[in-house]
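# Residue-level structure breakdown
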Amino acid sequence: KAGVTQTPRYLIKTRGQQVTLSCSPISGHRSVSWYQQTPGQGLQFLFEYFSETQRNKGNFPGRFSGRQFSNSRSEMNVSTLELGDSALYLCASSNAPEETQYFGPGTRLLVL
Amino acid sequence: AQSVSQHNHHVILSEAASLELGCNYSYGGTVNLFWYVQYPGQHLQLLLKYFSGDPLVKGIKGFEAEFIKSKFSFNLRKPSVQWSDTAEYFCAAVYTGTASKLTFGTGTRLQVTL
């Protein structure tokens, strides 16, 4: 089976812009979660979707949003980018909530 | 609050040395526990997991971990490390009722010298 794929892999944006990141889960997986990884804060949970519904949300501002499509693919959007949003954004998928999550390679976002 | 703590931030070992990385989780009900590894330039990979049953779980590449409920611990061990084990190791927990929210520890950077 193909693993979790994320596009794009690298992205450079400027402050104030918005960005959309995409994640395709492992075939058959219906749960998709997003995480932000930074040197200072480590790995932090953003949100989780299952069957197109957001089931849980981390402690991030409303500028961070996401959605899931009927084919389980997911997107996350960050509006009005700030320098502090520079990070590696990881997507993970699982068969169902609370099952083992498998991670993609991430999208590295640099905000200038 | 639900949290996971890893006591060792940076560990340096010689090849063939034994490894034990500490992980403690806060009380919050039933938990599923995981160790993930991130090799340089690669994505997070699952090393092993504990959901229930035998508290000693074996994972890939010779790693094992022991769940000790009374100590809220899930320490990772390997009897003899190799240079290729150089990586960052993350302990994580999913608390029942939080869907797929993985709560991660801060990670331990392991450096294995020849």
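The rules behind the values
Residues numbered from 1 in each chain as written. Chains lettered and ligands numbered in written order. Predicted model: local features only at pLDDT ≥ 70, side-chain atom pairs only at ≥ 80, totals over all residues. Heavy atoms only, no water. Core = buried A, V, L, I, M, F, W, Y, C linked by side-chain atoms within 4.5 Å. Buried < 20%, exposed > 50% of the residue type's maximum accessible area, 1.4 Å probe, protein only. Helix = DSSP H or I, 4+ residues; strand = E, 2+ residues; numbered from the N terminus. Contact = heavy atoms within 4.5 Å. Disulfide = S-S within 2.5 Å. Buried area = accessible area lost by both parts, 1.4 Å probe. Salt bridge = Lys/Arg side-chain N within 4 Å of Asp/Glu carboxyl O. Polar contact = N/O pair within 3.5 Å; in protein donor to acceptor, adjacent residues only side chain to side chain. Nonpolar A, V, L, I, M, F, W, Y, C, P; charged D, E, K, R; others polar. Pairing = 2+ DSSP bridges. Axes fitted to C-alpha atoms, helices over the stretch in contact; angles between N-to-C directions.

So, on to the nonpolar core. By size, the foremost hydrophobic cluster in this structure holds 29 residues, and its most contacted members are B:Leu33, B:Trp35, B:Leu47, B:Leu48, B:Phe74, B:Leu76 and B:Tyr89. The set of elements that each furnish at least two residues to this core consists of strand 2 (10-14), strand 3 (19-21), strand 5 (31-38), strand 6 (45-50), strand 8 (64-68), strand 9 (73-78), strand 10 (87-95) and strand 12 (108-113) of chain B. In terms of residue count, the dominant contributor to this core is strand 10 of chain B (five residues). Filtering out sequence-adjacent residues up to four positions away, B:Leu33 remains in contact with B:Tyr25, B:Leu48, B:Lys49, B:Tyr50, B:Phe67, B:Phe74, B:Ala92 and B:Ala93. In terms of nonpolar packing, the next biggest core, distinct from the first, is built from 21 residues, A:Val4, A:Leu11, A:Trp34 and A:Phe64 among them.

In this section: the environment of A:Gly42. Turning to its location among the elements, A:Gly42 is positioned in strand 5 (residues 42-50). Here the alpha-carbon distance between A:Gly42 and A:Thr107, two residues 65 residues apart in the chain, equals 15 Å.

Let us look at the state of the cysteines. All chains considered together, the criterion is met by two disulfides over all chains. A sulfur-sulfur separation of 1.8 Å characterises the disulfide bridge that pairs A:Cys23 with A:Cys91. With the S-S dihedral at roughly -60 degrees, the linkage between A:Cys23 and A:Cys91 falls on the left-handed side. With a gap of 68 residues between them, A:Cys23 in strand 3 (residues 19-24) and A:Cys91 in strand 9 (residues 87-94) connect regions that are remote in the sequence. Exposure class is identical for A:Cys23 and A:Cys91. Each is buried. Two residues, B:Cys23 and B:Cys91, share a disulfide whose sulfurs are 1.9 Å apart. Since a negative S-S torsion denotes a left-handed disulfide, the B:Cys23-B:Cys91 link at about -65 degrees is left-handed.

This part covers the interface of chain B and chain A. Listed per partner, the contact involves 20 residues of chain B and 22 residues of chain A. Here chain B packs against chain A, burying approximately 1,600 Å² in sum over the two surfaces, 57% of which is carbon and sulfur. Inspection of the chain B/chain A interface yields zero salt bridges. At the boundary of chain B with chain A, the tally comes to four residue pairs in polar contact (both at pLDDT 80 or more). Listed by contribution, the elements that provide at least two residues to the side of chain B that touches chain A are strand 5, strand 6 and strand 10 of chain B. Examining the composition of the side of chain B that touches chain A, we find that four residues originate from one element, strand 5 of chain B, more than from any other. For the side of chain B that touches chain A, the class distribution of residues is eleven nonpolar, seven polar and two charged.

All right, on to the sheet that holds strand 7 (residues 64-68) of chain A then. All names here are of chain A. Pairing is antiparallel in the open sheet, where four strands are placed in the order 1-3-8-7. Every other strand in the sheet has two partners, leaving strand 1 (5-7) and strand 7 as the edge strands with one partner each. Each strand axis lies, on average, 20 degrees off the axis of its neighbour in the sheet, ignoring direction.

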